[in-house]
Amino acid sequence: QVQLVESGGGLVQTGGSLRLACAASERTFSDYSMAWFRQAPGKEREFVAGISGGGGYKYHVDSVRGRFTISRDNAKNTVYLQMNSLKPDDTAVYYCAGRRNWGSVVVITNDKQYDYWGQGTQVTVSS
């Protein structure tokens, strides 16, 4: 059972930056594709960004491309989400998620295909 623990959320003003981190308990971390999702009040959970096991393939949803960057450090079993130029619409609970990739580098955007989830971290952007 893979355990994921997020950190780094908080309150920031419009235009500010935050870096989220998600630490995994799994020693073979590179066997897992990772992603960040978010859920705003009254809205469905949505995909934000994903990264392949080796880190060479990434995908960011259009609404955050150019502002957010997903990365990973497999030596530290950690995936990051650097968030710059934050907007009030980015306010949400952010979740990291993982799934065994079985060697595939394809970034999956469907949350139902992720098996492991963190507890979530709140990001609030004030206007």
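Residues numbered from 1 in each chain as written. Predicted model: local features only at pLDDT ≥ 70, side-chain atom pairs only at ≥ 80, totals over all residues. Heavy atoms only, no water.

Time to look at the state of the cysteines. Summed over the entire model, instances satisfying the criterion amount to one disulfide. Here C22 pairs with C96 through a disulfide, and the sulfurs are 2.0 Å apart. Because the sign of the S-S torsion sets the handedness, a value of about 45° for the bond joining C22 and C96 places this disulfide among the right-handed ones. One end of the pair, C22, is in strand β3 (residues 18-24); the other, C96, is in strand β9 (residues 92-100), with 74 residues separating them in the sequence. Across the pair, exposure class does not vary: C22 and C96 are buried alike. (Disulfide = S-S within 2.5 Å. Helix = DSSP H or I, 4+ residues; strand = E, 2+ residues; numbered from the N terminus. Buried < 20%, exposed > 50% of the residue type's maximum accessible area, 1.4 Å probe, protein only.)

Further remarks concern the nonpolar core. Of all hydrophobic cores here, the largest spans 28 residues; its most connected members are W36, L81, M83 and Y94. For this core, the secondary structure elements donating two or more residues are β3, β4 (32-39), β5 (46-51), β7 (68-73), β8 (78-83), β9 and β11 (121-126). Per-element tally for this core: the top contributor is β3, with four residues. Apart from the residues within four sequence positions on either side, L81 is in contact with L18, R19, L20, W36, V48, A49, F68, T69, I70 and Y94. Core analysis: the next-biggest nonpolar cluster, separate from the first, contains seven residues, A35, F37, F47 and A97 among them. (Core = buried A, V, L, I, M, F, W, Y, C linked by side-chain atoms within 4.5 Å. Contact = heavy atoms within 4.5 Å.)

Bringing the side chain of N101 into the picture now. Turning to its location among the elements, N101 is positioned in the loop between β9 and β10 (116-117). Beyond its immediate sequence surroundings of up to four residues, N101 is in contact with S30, D31, Y32, S33 and G53.

Quick look at the packing of aromatic side chains now. The full count for this structure, using the stated rule, is seven aromatic pairs. Relative to Y116, the ring of Y32 has its centre 6.0 Å away and its plane inclined at 65°; by these criteria the two rings are edge-to-face. Note that Y32 is positioned in strand β4 and Y116 in strand β10, a separation of 84 residues in sequence. This pair shows no difference in class: Y32 is buried, exactly as Y116 is. Where F37 meets F47, the ring centres are 5.6 Å apart and the plane angle is 80°; that geometry is what we call edge-to-face. Placement of F37 in strand β4 and of F47 in strand β5 is noted, with a sequence separation of ten residues between them. On the basis of relative accessibility, which here comes to 1%, the residue F37 falls in the buried class. (Phe/Tyr/Trp six-rings, centres within 6.5 Å; stacked < 30°, edge-to-face > 60°.)

A word on the pattern of salt bridges. This structure, assessed with the given rule, holds six salt bridges. Residues D90 and R67 are paired through a salt bridge, measuring 2.8 Å at the closest nitrogen-oxygen approach. Taken together, the residues D90 in the loop between β8 and β9 and R67 in the loop between β6 (58-60) and β7 connect sequence positions 23 residues apart. For K112, the salt bridge goes to D111, with nearest N and O atoms at 4.0 Å. Overlapping salt bridges bring together R38, E46, R67 and D90 as one network. (Salt bridge = Lys/Arg side-chain N within 4 Å of Asp/Glu carboxyl O.)

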